[in-house]
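# Observations on the three-dimensional arrangement
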Amino acid sequence: MIQITFVEHGGTHHTIDIPEGMSLMQAAVNHNVPGIDADCGGSMTCGTCRVCVPLDAQPVTGERSSLEQQMLEFSGLDGSGVRLSCQLVARPEFNGLRLQIPESQV
Amino acid sequence: MTQNNRERVVVVGAGHGGGLTVAFLRQFGYAGEITLIGEETVLPYQRPPLSKAWLKGEVSQESLALRPPAFYVDQNIDLHLGVRAERIDVQARHVVLASGQEIPYDHLVLATGAHARTLPIPGVQLSNVMTLRTLVDAEHIRSALGPGKKLIIIGGGYVGLECAATARALGVEVTVLARAPRLLERVASEPVSAFLQRFHESKGVTFRLNAVIEAILGDTRAECVLLTDGTQLSCDAVLVGVGAIPTASMAQAIGLRCDDGIVVDADCRTSDPHIFAIGDVAKRPHPLYGRELRLESVPSCMEQAKRVAACITGREPAAAEVPWFWSDQYDLKLQIAGLPFEADETVVRGNPDEAKFAVFHLRAGHIVTVEAINAPPEFFAGKKLIGSGKTVAGDKLKDSTVPLTDLAA
Ligand SMILES: Cc1cc2nc3c(=O)[nH]c(=O)nc-3n(C[C@H](O)[C@H](O)[C@H](O)COP(=O)(O)OP(=O)(O)OC[C@H]3O[C@@H](n4cnc5c(N)ncnc54)[C@H](O)[C@@H]3O)c2cc1C
Ligand code: FES
């Protein structure tokens, strides 16, 4: 199991054990974590599953694909660590990752 | 606010909207009892993949579920699946199930969705004439598809076109019959329907527009479709995709205000203050458009589920969202935001021949709709501009060399 912590905008933490291969969006949704709506269920059309990866963990989560890049470019929230959590698939190296959930996904 | 443990919410319809309502209630800290009643036998699931990834066999049934089975146990949600709610007793404030069981409520949420429209023509009852709304329908369709099979799709809407794309990927011969002179006549602009028609044709789909169907012929199974001009088209299966009708009969029976759906206010309340309605069945006033709309989309039912959960728990509701919708066909990603009411200018940005473009519709210099094909930046920039109501210059918008940042600033 890979342990991931989602931190709500207000500071509330949700620490979840995730099996390898599951997307972080799916894990958050399964645990009803507030702030990850994921309207499109992971088909990369909605942009409502955004999370912010802290600077030191960015080498672990890797680069955005070009489509993910396009999805984030004008989403109103495009800092360097912002990712679509449906595109982050749990790997052992992710263990201990802390992800910040934005105030709003709209 | 509402932390009264004895309070009871009952949700009728365990589809997308019903499933989200119970999830948001718990997310917002609702501590009372929650009962979810659904006619389908499975847990709430996502319908969009039924015409796309699931139909193609790319994703599992498990992945369609809105929440895993353990969620309903952990969150203490009382499930009644595979059972129909028959009627509502507004005086006694309970719902009567087909089994005779009475379920009392303090707040009732109707999330009964919509059901597939059929055609008033001979032959629609034949076993291989299908519609698509549920997982059971989708299983039926999937078993009818295979290399070399001939599928006739009646209707040129999104669901029909998505099934056409999926069926082609599975090697099926596809003919789409539409009564209108163009595809997606009521829901997409002319440049988008023209582009999609060409794209589908390049993938081998045959279209017959302005087609009027006389009958579907066959003994027990459909063997051919007969048009009023005498043309006979042979087939192995027929998919009727001519839209959906809101499932409002239970609401009508108790005299709730209905008009092509259950009429609700901005808080999703019906004409009975104890009863809410959301999703495909609800017709609501939209502040961005100043009119009543019944939207059939996941984002709209998500927004309404959140709104109801906020109302019941006494939370400040979120601001109204710009309506949007998506569709996937082949490797085309369609994202549409806004509604094209009273647009007076249409601008195309990008190149349809490269299958990467966006059509913007403006009214008095404001963007009211964006239809983006393989163009997520245009979609998100457009959606933001619809929401902000900022004025943009059509000639700048049309010029792909003018960066979107200069428009969306
Ligand atoms: C094939 C297909 C593809 C789609 N693709 C997209 C897409 O790409 N993007 C998008 O945004 N939207 C899409 N949609 C639309 C989206 O799925 C709907 O808007 C959404 O499901 C609406 O949710 P709902 O809860 O209102 O209705 P539903 O999800 O239909 O749920 C209603 C439920 O209520 C149950 N019910 C009805 N009456 C009773 C009763 N009396 N007692 C008990 N249960 C009852 C029904 O059995 C059903 O399970 C698609 C729809 C379909 C069918
Ligand atoms: S879930 Fe829609 S983009 Fe990630």
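Residues numbered from 1 in each chain as written. Chains lettered and ligands numbered in written order. Predicted model: local features only at pLDDT ≥ 70, side-chain atom pairs only at ≥ 80, totals over all residues. Heavy atoms only, no water.

On to a negative patch on the surface. Residues B:D344, B:E345, B:D395 and B:D399 make up a contiguous surface patch of negative charge. Within the secondary structure, B:D395 sits in helix α10 (residues 394-398). (Patch = residues over 30% accessible without salt bridge, like charges linked within 9 Å, V, L, I, M, F, W, Y side chains within 5 Å. Areas by Shrake-Rupley, 256 points an atom, 1.4 Å probe, with all protein chains shown as cover. Salt bridge = Lys/Arg side-chain N within 4 Å of Asp/Glu carboxyl O. Lys, Arg positive; Asp, Glu negative; His and termini not counted. Charge placed at Lys NZ, Arg CZ, Asp CG, Glu CD. Helix = DSSP H or I, 4+ residues; strand = E, 2+ residues; numbered from the N terminus.)

Our next topic: the pairing of strand β14 (residues 224-227) of chain B. Residues and elements named next belong to chain B. By the alternation rule, side chains of β14 split into C224 and L226 and V225 and L227, which are all buried. Inspection of the sheet shows strand β13 (residues 213-217) paired to β14 by 4 bridges, in the antiparallel sense. From the neighbouring strand, L217 faces β14, where its bridge partner is C224. By the bridge criterion, 3 bridges tie β14 to strand β15 (residues 232-234) in an arrangement that is antiparallel. Pairing of L226 across the sheet is with Q232, part of β15. Counted between consecutive antiparallel strands, the loop separating β14 from β15 contains 4 residues, among which G230 sits at a positive phi close to 95 degrees. (Buried < 20%, exposed > 50% of the residue type's maximum accessible area, 1.4 Å probe, protein only. Pairing = 2+ DSSP bridges.)

Our next topic: the site of ligand 1. Residues and elements named next belong to chain B. For ligand 1, the set of nearby residues contains 33 residues, the closest of which are G17, E40, K52, R133 and D280. At 3.0 Å, a backbone N or O of W326 approaches an oxygen atom of ligand 1. Relative to its unbound accessible area of 1000 Å², ligand 1 is 95% covered by the protein chains. Residue assignment for the shell around ligand 1 shows that the elements contributing at least two residues are α1 (16-27), β2 (33-38), α8 (298-313) and β22 (324-329). Two domains each provide a minimum of three residues to the shell around ligand 1, namely domain 1 (8-115 + 244-313) and domain 2 (118-240). (Near = heavy atom within 4 Å. Polar contact = N/O pair within 3.5 Å; in protein donor to acceptor, adjacent residues only side chain to side chain. Domains from an automatic or database assignment.)

Our next topic: the environment of B:K203. All names here are of chain B. With respect to the helices and strands, K203 occurs in the loop between α6 (190-202) and β12 (206-208). Between the C-alpha atom of K203 and that of I367, which follows or precedes it by 164 residues, the distance is 32 Å. In contact with K203, other than residues within four places in its own chain, are R168 and Y330. (Contact = heavy atoms within 4.5 Å.)

Here the focus is the packing of aromatic side chains. All names here are of chain B. Under the criterion given, the structure shown has 10 aromatic pairs over all chains. Judged by centre distance (5.2 Å) and plane angle (90 degrees), the ring pair of F71 and Y72 falls under edge-to-face. Across this residue pair, the class does not change: F71 and Y72 are buried. An angle of 50 degrees between the planes, with centres 5.6 Å apart, marks the rings of F199 and Y330 as tilted. Here the residue F199 occupies a position in helix α6, and Y330 occupies one in the loop between β22 and β23 (332-338), the gap between them amounting to 131 residues. In textbook terms, an aromatic cluster arises when at least three aromatic residues are bridged by ring pairs, as seen for F195, F199, Y330 and F357. A cation over an aromatic ring shows up here: R291 above the ring of F341, its NZ or CZ 3.6 Å from the ring centre. The residue whose ring lies beneath R315 is F28, and the NZ or CZ to ring-centre distance is 4.0 Å. (Phe/Tyr/Trp six-rings, centres within 6.5 Å; stacked < 30°, edge-to-face > 60°. Lys NZ or Arg CZ within 6 Å of the ring centre and 35° of its normal.)

Moving on to the state of the cysteines. Under the definition given, this model contains 0 disulfides over all chains. Free cysteine: A:C52, not disulfide-bonded; nearest cysteine sulfur from A:C49 at 13 Å. (Disulfide = S-S within 2.5 Å.)

Moving on, we come to the sheet that holds β12(B). All names here are of chain B. One open sheet accounts for 5 strands, arranged β9-β16-β10-β11-β12; its pairing is parallel. Each edge of the open sheet is held by one strand with a lone partner, namely β9 (129-130) and β12. Both strand β11 (residues 173-177) and β12 contribute to a ladder of 3 bridges, which runs parallel. Opposite V176, over in β12, you have F207 as the bridge partner. The strands touched by helix α5 (residues 158-169) within the sheet are β10 (150-154), β11, β12 and β16 (237-240), with β11 carrying the most contacts at an inclination of about 165 degrees. (Axes fitted to C-alpha atoms, helices over the stretch in contact; angles between N-to-C directions.)

Let us look at helix α3 (residues 66-73) of chain A. Residue pairs spaced three or four apart in an α-helix point in one direction, given the helix's 3.6 residues per turn. Taken together, the buried positions of α3(A) are occupied by A:E68, A:Q70, A:M71 and A:L72. Tucked inside the fold, the buried residues of α3(A) contact β3 (50-52) and β4 (82-84) of chain A together with β23, β25 (356-363) and α9 (376-388) of chain B.

Opposite the 29 residues of chain B that make contact, chain A presents 24 residues. Where chain B abuts chain A, roughly 2100 Å² becomes buried across the two surfaces, and 56% of that area is made up of carbon and sulfur atoms. The largest contributions to the chain B side of the interface with chain A come from B:Q27, B:K333 and B:F380, which together make up 25% of the buried area. Inspection of the chain B/chain A interface yields 1 salt bridge. Of the charged contacts, one joins B:K306 and A:D37 as a salt bridge, the two residues approaching to 2.4 Å between their closest N and O atoms. One can count 9 residue pairs in polar contact (both at pLDDT 80 or more) joining chain B with chain A. Going through the elements one at a time, α1, α8, β22, β23, α9 and α11 (404-408) of chain B are the ones with two or more residues in the side of chain B that touches chain A. The element that contributes the greatest number of residues to the side of chain B that touches chain A is α9(B), accounting for 6 residues. Of the residues contributing to the side of chain B that touches chain A, the split by class is 16 nonpolar, 5 polar and 8 charged. (Buried area = accessible area lost by both parts, 1.4 Å probe. Nonpolar A, V, L, I, M, F, W, Y, C, P; charged D, E, K, R; others polar.)

Before going further, it helps to examine the side chain of B:T35. Mapped onto the elements, B:T35 comes out in strand β2. Beyond its immediate stretch of four places on either side in the chain, B:T35 contacts B:V9, B:V10, B:V11, B:D78, B:H80 and B:I103.

A residue-level look at chain B finds 98% of positions with pLDDT of 70 or above and a mean pLDDT of 95. If you check the scores for this complex, the pTM reads 0.96 and the ipTM reads 0.96. (pLDDT = per-residue confidence, 0-100.)

In this section: the pattern of salt bridges. All names here are of chain B. In total, this model carries 17 salt bridges over all chains according to the counting rule given. The salt bridge partner of D260 is R294, with a shortest N-O separation of 3.5 Å. Within this pair, whereas D260 is found in the loop between α7 (249-253) and β18 (262-263), its partner R294 is found in the loop between β21 (291-293) and α8, the two being separated by 34 residues in sequence. Residue R284 pairs with E303 through a salt bridge whose shortest N-O separation is 3.2 Å. Here R284, found in strand β20 (residues 282-286), pairs with E303, found in helix α8; they are 19 residues apart in sequence, far enough to count as distant. According to the relative accessible area criterion, E303 is buried, its value standing at 12%.

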